[in-house]
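Inside the fold
Each chain is listed here by its residues.
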Amino acid sequence: ADPHHFAPDAATDLLEHLAAVAAICIDNSVNRARLRRDGLMDMLTQVANRRFFDRRLREEVSQWLRRGGELSCLLVDLDCFKQINDQHGHQAGDLVLQEAARALSEGLRASDVLARYGGEEFVLLLPDTGTRRAAEIAERLRAAVASLALTPTRGVSLRVTASFGLASLAADRRATLEDPGLWLLRQADRALYAAKARGRNCVVIADGSGTATTAPLAAAPVVPRER
C-alpha cells in the first residue's frame, strides 16, 4: 500500500531481517536439542546415560504391564577396570570404556536400550526378548568385548573382559510384582555379582524365583567361565 516502502538502496533489508530472525530461531532450536541430548547422553561413550535408561525402563515396564510379553535386562561390568586406570592411566581407561560401549552397541535393535549405568558398568534393556534369546545376545556381546585388542599407547596392548548379569520379566509375573522395574534391576544385579564370584568374563542368569531380595540364581552361567 506504501509505494515508498521499498527503496532501491534497501531492497534486501526485509529479507536480511527475516533471515536474522530465522537464524536465531534455528540456533535456539539446535541448542535446545543439544541440551536435551547432552542431558540424556554420556558424553564419553556416546551412549545413553542413566537418566535416559530410568525413563525408558518406566516406559517399557508400563508397556509390559499392559501387553504382557517378555522384557529382559543385562547388567554389564568391565572386569578389573581399576587396574587399567592404575597401571595405564585414565586416558587408557577412557579408551576402554569407549570401545566397550561400541562393542556392546553392535547389532542392537532400534527398540533396545544401551546406557552407561555408572563408572565401568553398562546396562541393556531388551524389550520383547525372553531369557533364552537374551542369553544368546549376552554371550555374543561378552565375546565381542573379550575380542577387543586395544593399544592406548605404543608398545602397550590391553585386553578387557566383562561380566554379565541377566534377568527377565515374563507375562505370568504381572500380577505378582509390586515394582517390576526395581525387581528386574535387582535380579540382574544379583546375577552380575554371581558372575564376578564365578571367575568373571561369563554370563549368569537370575532364575526369577523368590522375592526381590532373596531370589536365587541359576545353578550355572550360560557359558563356562574363562580366565
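Since the structure is predicted, the reported quantities are computational estimates derived from the model, not experimental observations.

Description of the pairing of strand 3 (residues 71–78)
Judged by how many residues are buried, strand 3 sits mostly within the fold: eight of eight residues are covered. Pairing of strand 3 with strand 8 (residues 162–169), which is carried by eight bridges, proceeds in the antiparallel orientation. Within the sheet, the bridge partner assigned to serine 72 lies in strand 8 and is serine 168.

A closer look at the environment of glutamate 70
Looking at the element boundaries, glutamate 70 is found in the loop between helix 2 (50–67) and strand 3. Distance in space between the C-alpha atoms of glutamate 70 and alanine 170 is 4.7 Å, their sequence separation being 100 residues. Setting aside chain neighbours within four positions, we find glutamate 70 in contact with Trp64, Pro127, Asp128, Thr129, Gly130, Thr131, Leu169 and Ala170.

Examining the environment of leucine 74
Within the fold, leucine 74 resides in strand 3. For the pair leucine 74 and leucine 184, spaced 110 residues apart in sequence, the C-alpha to C-alpha distance is 9.5 Å. Apart from residues no more than four positions distant in its own chain, leucine 74 is found in contact with Phe122, Val123, Leu124, Leu126, Ala134, Ala138, Leu141, Gly165 and Leu166.

Comments concerning the packing of aromatic side chains
Under the defined criterion, the tally for this structure stands at one aromatic pair. Ring geometry for phenylalanine 53 versus tyrosine 117: centroids 5.9 Å apart, planes at 85°, classification edge-to-face. Of this pair, phenylalanine 53 sits in helix 2 while tyrosine 117 is found in strand 4 (residues 113–118), placing the two residues 64 residues apart along the sequence. Each member of the pair, phenylalanine 53 as well as tyrosine 117, is classed as buried.

Digging into helix 2
Between its terminal C-alpha atoms helix 2 stretches 25 Å, which fits the 26 Å expected from 18 residues at 1.5 Å a residue. Looking at helix 2, one finds that the buried residues are Phe53, Arg56, Leu57, Glu60, Val61 and Trp64. Down the axis, helix 2 shows its buried residues gathered within 140° of arc, on one side only. Facing away from the buried side of helix 2, by more than 90 degrees, are the exposed residues Arg51, Arg58 and Arg66.

Quick word on the side chain of serine 163
Mapped onto the elements of the fold, serine 163 is located in strand 8. A polar atom in the side chain of serine 163 sits 3.3 Å from the backbone nitrogen of asparagine 201. Apart from residues lying up to four places away in sequence, serine 163 is in contact with Leu75, Val76, Asp77, Asp79, Leu192, Ala195, Lys196, Arg200, Asn201 and Cys202.

Structural notes on the nonpolar core
Formed by 32 residues in total, the largest nonpolar core has its most connected members in Leu78, Val96, Leu104, Phe122 and Phe164. Mapped onto this core, the elements with two or more residues apiece are strand 3, helix 3 (81–88), helix 4 (90–105), strand 5 (121–127), helix 5 (131–146), strand 8 and strand 9 (203–205). If we skip the residues at most four places from it in the chain, leucine 104 touches Val76, Leu114, Phe122, Leu124, Leu141, Val145 and Phe164. Formed by 27 residues, the second largest nonpolar core is a distinct cluster that contains Leu75, Ala115, Ala194 and Val204.

As for the environment of threonine 153
Topologically, threonine 153 is positioned in the loop between strand 6 (149–150) and strand 7 (158–159). When the C-alpha positions of threonine 153 and histidine 88 are compared, they lie 8.8 Å apart, and in sequence the two are 65 residues distant.

Structural notes on the confidence of the model for the protein
Per-residue confidence for the protein gives a mean pLDDT of 86, with 90% of residues at or over 70. Taken element by element, the predicted model of the protein shows its lowest mean pLDDT in helix 1 (residues 13–40) (84) and its highest in strand 3 (97). With pLDDT under 50 throughout, residues 210–227 is counted as low confidence; its partners more than four residues away or in other chains account for 50 contacts.

A look at unusual backbone geometry
Look at glutamine 46: it is not a glycine, yet its phi comes out positive at around 60°. At arginine 200, a residue that is not glycine, the phi angle is positive and equals roughly 70°. Tracing the backbone through its elements, the reader meets arginine 200 in the loop between helix 6 (180–197) and strand 9. Residue classification places arginine 200 among the partly exposed residues on the basis of a relative accessible area of 37%.

About the cut-offs
The numbers attached to residues start from 1 for each chain and follow its sequence in the written order. For a predicted model such as this one, the threshold for reporting local features is a pLDDT of at least 70, and the threshold for listing and counting side-chain atom pairs is 80 or more; totals across whole chains, interfaces and linings nevertheless cover every residue. The side-chain values count all of the structure's non-hydrogen atoms but skip hydrogen atoms and water molecules. Burial here depends on accessible area, computed with a 1.4 Å probe over protein chains only, as a share of the maximum for the residue type. Under 20% is buried, over 50% is exposed, and the range in between is partly exposed. A run of DSSP states H or I qualifies as a helix once it reaches four residues; a run of E qualifies as a strand once it reaches two. Both are numbered from the N-terminal end. Note: two strands are recorded as paired if DSSP finds a minimum of 2 bridges between them. In what follows, a contact means two residues having at least one pair of non-hydrogen atoms within 4.5 Å. For this analysis, a ring pair means two rings from Phe, Tyr or Trp (six-membered ring only for Trp) whose centres lie within 6.5 Å, classed as stacked if their planes differ by under 30 degrees, edge-to-face if by over 60, and tilted for the remaining angles. In a helix, the anticipated span is given by 1.5 Å times the number of residues less one. As used here, the arc is the angular range of directions from the helix axis to the C-beta atoms. Nitrogen and oxygen atoms within 3.5 Å of one another constitute a polar contact, given that in protein one can donate a hydrogen and the other can accept it, and given that sequence-neighbouring residues count only through two side-chain atoms. Residues belong to one nonpolar core when they are buried, are Ala, Val, Leu, Ile, Met, Phe, Trp, Tyr or Cys, and are joined through side-chain atoms within 4.5 Å. Scored from 0 to 100, pLDDT records how confident the predictor is in each individual residue.

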